[in-house]
Amino acid sequence: MSHEHQDHEDAQDRDLHGLLRSLRVWDPEVTTLPPFDPASAPDAPLPLFTTWFAEAVAAGQAEPHTMSLATSDDAGLPDVRIVMLHGADEDGWAFATHSGSRKGRQLASRPYAALGFYWPALGRQVRLRGPVTAAPAAESQGDLHARSTGALAAALTGRQSEVLGSAEELARASQEAWERARREPDAPVPSWTLYRLRPDEAEFFQGDERRRHVRLNYWREDGGWVRELLWP
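In this convention, every chain numbers its residues from 1, walking through the sequence in written order. For this predicted model, a pLDDT threshold of at least 70 governs which residues receive local features, and a threshold of 80 or more governs which side-chain atom pairs are given and counted, while totals over whole chains, interfaces and linings are taken from all residues. Hydrogens and water are ignored here; the side-chain numbers use all heavy atoms of the structure.

## Looking at unusual backbone geometry
As a reminder, the rule being used: Strands here are runs of E lasting at least two residues and helices are runs of H or I lasting at least four, both read from the DSSP assignment and numbered beginning at the N terminus. Remark: exposure states derive from per-residue accessible area (1.4 Å probe, protein chains only) relative to the maximum for the residue type, with buried under 20%, exposed over 50%, and partly exposed in between.
Here Trp-26, not a glycine, exhibits a phi torsion of approximately 55°, which is positive. Within the secondary structure, Trp-26 sits in the loop between α1 (3-22) and α2 (45-58). For Trp-26, a relative accessible area of 13% gives the class buried. A positive phi angle is found at Arg-211, which is not glycine, with a value near 65°.

Below, the structure is given as structure tokens:
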């Protein structure tokens, strides 16, 4: 490695570290986060999630319905990406993807996952872990066709997670998919699958500018929920 190349990398490292040190999270001089009394929390996680989600929307949180989805491969190695929440009810937290995508293949092999929401406008996180099941084909297609033309076009483009030869190849396939999506709004995409994670554990984290964070954890026991506080 040349001295010039090494000097350039060292400068980049300094720039990154300088930027990191310049950032402040929940500075008590300028930050006020909402209080959270865990004693007032409902007996199950879904009502609290619904309330927190609505409050994130009201606070102007950008894309509050995006979440991290963590899965594992055949070797047990972790993988994570951002996906969109399609709904949450007593059956679980729903998201969708192609069954042949990387996450689809991982869920087929190891049907257990974790979800993570982060709403920095309120200093809140929600973490969920549990088994994942695939919805019937008719329900999955209904989920897809209830979405936008762009969502259908993306699904029709297909081949998610496969190796792409060139940007031009994607442009051609995408254009054809958009044309078909407009022409056939009910076009089927057999690989499109709606998944539901039914949590065994759900943690609600409320940040505090004095670092006295509140962590309320729910876990299933005998068909109900047990609540406990965790050290921050």
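The structure having been displayed, the exposition proceeds.
## Observations regarding the environment of Lys-103
We apply this condition: In what follows, residue pairs with any heavy atoms lying within 4.5 Å of each other are defined as contacts. The term polar contact refers here to a pair of N or O atoms within 3.5 Å; inside protein, the definition further demands a hydrogen-donor-capable atom paired with an acceptor-capable atom, and it admits residues adjacent in sequence only when both atoms are side-chain atoms.
Structurally, Lys-103 is set in helix α3 (residues 102-109). Between the C-alpha atom of Lys-103 and that of Leu-156, which follows or precedes it by 53 residues, the distance is 18 Å. Once you skip the residues sitting within four places of it in the chain, Lys-103 turns out to touch Leu-69, Arg-81, Val-83, Thr-97 and Gln-160. Within the local environment of Lys-103, its side chain forms a polar contact with the side chain of Thr-97, the two groups lying 3.2 Å apart.

## Overview of a nonpolar patch on the surface
Short version of the rule: Residues forming no salt bridge and having over 30% relative accessible area are the ones grouped into patches, like charges within 9 Å of each other and nonpolar side chains (Val, Leu, Ile, Met, Phe, Trp, Tyr) within 5 Å. Each accessible area is a Shrake-Rupley estimate made with a 1.4 Å probe; only the visible protein chains count as cover when residues are assessed. Note on definitions: salt bridges are taken to be side-chain nitrogens of Lys or Arg within 4 Å of carboxyl oxygens of Asp or Glu.
On the surface, Leu-16, Leu-20 and Leu-23 cluster together into a nonpolar patch covering about 310 Å² of accessible area. Examined against the element boundaries, Leu-20 turns out to sit in helix α1.

## Let's talk about α3
Convention followed: Along the arc lie the directions from the helix axis toward the C-beta atoms.
By the burial criterion, the buried members of α3 are Lys-103, Gly-104, Gln-106 and Leu-107. Down the axis of α3, the buried side of the element spans an arc of 165°, and every buried residue falls inside it.

## Quick look at the packing of aromatic side chains
Selection criterion: Here is the rule: rings of Phe, Tyr and Trp (six-membered ring for Trp) pair when centre to centre is within 6.5 Å. Planes less than 30 degrees apart are stacked, more than 60 are edge-to-face, and the remainder are tilted. In this scheme, Lys NZ or Arg CZ marks a charge over a ring once it lies within 6 Å of the ring centre and within 35 degrees of the ring normal.
By the definition in use, this model includes 12 aromatic pairs. A network of ring pairs unites the aromatic residues Phe-36, Trp-52, Phe-204, Tyr-218 and Trp-225 as a single cluster. For the cation-ring pair, Arg-124 lies above Trp-52, with the distance from its terminal atom to the ring centre recorded as 4.2 Å.

So far we have only geometry, and geometry alone does not tell us how the molecule works.
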